[in-house]
Amino acid sequence: MKKIAIFASGRGSNAAKIVDFFNHNQNVASVELIVSNKKDALVLEMAKEKGIRYQIVNRQGFYQTKDLLNLLYKYEIDLIVLAGFLWLVPKYLIEAFQANIINIHPALLPKFGGKGMYGMNVHKAVKAAGEKESGITIHYVNEAYDEGNIIFQASCRLEKDDTPEDIALKVQQLEHVHFAPQIAKLLQE
Ligand code: GRF
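So, a few notes on the structure that sits alongside this text. Each chain carries its own residue numbering, running from 1 in the written order of its sequence. Where totals are concerned, whole chains, interfaces and linings use all residues; where local detail is concerned, this predicted model gives features only for residues with pLDDT of at least 70, and gives and counts side-chain atom pairs only at 80 or more. By convention in this description, side-chain values take in all heavy atoms of the structure and omit both hydrogens and water.

Helix numbers and strand numbers start at the N terminus; a helix is a DSSP run of H or I with at least 4 residues, a strand a run of E with at least 2. Looking only at helices and strands, one finds 7 helices and 7 strands in the chain. In sequence order, the chain lays out its α and β elements as β-α-β-α-β-α-α-β-α-β-α-β-β-α. Only C-alpha atoms enter the radius of gyration; for comparison, a globular chain is expected to reach 2.2 Å times N to the power 0.38, where N is the number of residues. Its C-alpha atoms give the chain a radius of gyration of 16 Å, within 12% of the compact-globule value 16 Å for 189 residues. Projected onto the principal axes, the alpha-carbon positions of the chain cover approximately 50 × 35 × 35 Å. Exposure classes here rest on a 1.4 Å probe applied to the protein chains alone. A residue is buried below 20% of its type maximum, exposed above 50%, and partly exposed in between. Relative to its 189 residues, the chain shows a buried fraction of 50%.

If you want it as structure tokens, here you go:
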């Protein structure tokens, strides 16, 4: 059975879906740890409710020490899943985990990615560009934002009068449907 750490800084709706999915598929993997850089992030409430251990990191500890790496080793983490984690992943983590760090991006990369492209910024940009579709991209993480190899994409149709909020909702639905099963697939390959 594989062990997952989820890095998240926000609401954690994806993290919650992943936790639930693997609670029902315990033969595949379990979520062992949730890491957040925000001590008041909602994702930590979810972790407490569901009884998942969590770790809060600060910038200095994350970038200048190996404390987190040691924790990931302690819990024998196989896969790091970024689900709304906005800090760039440092080199030491990429080197230690190689192809075992993945991220979900709320658009169809390579469009609408890169620094500053997160949350509603993405959906506003998609709207402004008059795109006929958007979607999700699950990809490997490297040292640049949103540039690792793509693992999976799913798309949704956009209507002319969709607002950025409507787009966000459509994209989030795709995330909630696909992310956990895609993680499971990856872990079983
Ligand atoms: C998701 O839209 C994900 O694509 C992006 O950050 C958002 C996280 O949402 N990377 P939530 O915290 O899982 O609700």
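Attention now goes to the site of the ligand. Residues are counted as near a molecule or strand when any one of their heavy atoms sits within 4 Å of it. In the vicinity of the ligand, the contacting residues are G10, R11, G12, S13, N14, G84, I104, H105, P106 and E175. The separation between an oxygen atom of the ligand and a polar main-chain atom of N14 is 2.8 Å. The contact in question runs from a nitrogen atom of the ligand to an N or O atom on the backbone of I104, over 3.0 Å. Across the complex, the protein chains shield 81% of the 370 Å² of accessible surface that the ligand would expose by itself. Within the residue set of the shell around the ligand, elements represented by two or more residues are α1 (13-23) and β5 (101-105). Of the residues in the shell around the ligand, the class split is 2 nonpolar, 6 polar and 2 charged. Polar contact is the term for a pair of N or O atoms within 3.5 Å; when the atoms are in protein, one must be able to donate a hydrogen and the other to accept it, and sequence-neighboring residues count only if both atoms are side-chain atoms. Under the convention used here, a 1.4 Å probe and the Shrake-Rupley method define accessible areas, while residue burial counts only the protein chains that appear. Basically, the charged four are Asp, Glu, Lys and Arg, the nonpolar ten are Ala, Val, Leu, Ile, Met, Phe, Trp, Tyr, Cys and Pro, and anything else, Gly included, counts as polar.

Glancing now at the pairing of strand β1 (residues 2-7). Consecutive side chains along a regular strand alternate between the two faces of the sheet. Note: β1 against strand β2 (residues 29-36), 6 bridges, orientation parallel. The residue bridging K3 from the neighbouring strand is S30, located in β2. A clockwise course of the path from the first strand over the helix to the second, judged with the strands pointing away from the viewer, identifies a crossover as right-handed. As for the winding sense of the linkage, the β-α-β connection from β1 through α1 to β2 is right-handed. Two strands are said to pair when DSSP picks up at least two bridges between them. As defined by bridge partners, β1 adjoins strand β4 (residues 79-82) across 4 bridges and the pair is classed as parallel. Bridged to A5 within β4 is I80.

Our focus in this paragraph is the sheet that holds β2. Ordered by their spatial adjacency, 7 strands build an open sheet running β3-β2-β1-β4-β5-β6-β7, and the pairing between neighbours is mixed. This sheet does not close on itself; its edge strands, each paired only once, are β3 (54-56) and β7 (150-157). Taken pair by pair, the neighbouring strands of this sheet meet at an average axis angle of 20°, ignoring direction. Orientation is described by axes fitted as lines to C-alpha atoms, over the contacting stretch for helices, and by angles from 0 to 180 degrees between their N-to-C directions.

Within the secondary structure layout, N37 lies in the loop between β2 and α2 (42-50). Owing to a relative accessible area of 15%, N37 belongs among the buried residues under this scheme. Within polar-contact distance, the side chain of N37 engages the side chain of S9 at 2.7 Å. Any two residues having at least one pair of non-hydrogen atoms within 4.5 Å are treated as being in contact. Setting aside chain neighbours within four positions, we find N37 in contact with A8, S9, V57, F85 and W87.

Our focus in this paragraph is the packing of aromatic side chains. Each aromatic ring pair is described using two quantities: the centre-to-centre distance and the angle formed by the ring planes. Two aromatic rings, drawn from Phe, Tyr or Trp (for Trp, its six-membered ring), form a pair once their centres lie within 6.5 Å of each other, and the interplanar angle then sorts them: stacked below 30 degrees, edge-to-face above 60, tilted otherwise. Under the defined criterion, the tally for this structure stands at 9 aromatic pairs. Relative to Y63, the ring of F62 has its centre 5.0 Å away and its plane inclined at 80°; by these criteria the two rings are edge-to-face. Looking at F62, the relative accessible area reads 0%, which means it is buried. Here Y63 falls in the partly exposed class, since its relative accessible area comes to 26%. Note on F85 and W87: the rings are 6.2 Å apart at their centroids and 65° apart in plane angle, and the pair reads as edge-to-face.

This brings us to the side chain of Q182. Of note, Q182 is situated in helix α7 (residues 164-188). The contact partners of Q182, leaving out residues within four places of it in the chain, are I138 and F152.

Moving on: unusual backbone geometry. The peptide bond linking L109 to P110 adopts the cis configuration, its omega dihedral lying at 10°. Tracing the backbone through its elements, the reader meets P110 in the loop between β5 and α6 (119-128). We note that E76 has phi near 55°; this positive angle belongs to a residue other than glycine. Here E76 lies in the loop between α4 (67-74) and β4. Positive phi outside glycine occurs at Q98, with the angle close to 50°. Inspection of the secondary structure puts Q98 in the loop between α5 (91-97) and β5.

Any functional reading would require information that these geometric values do not contain.
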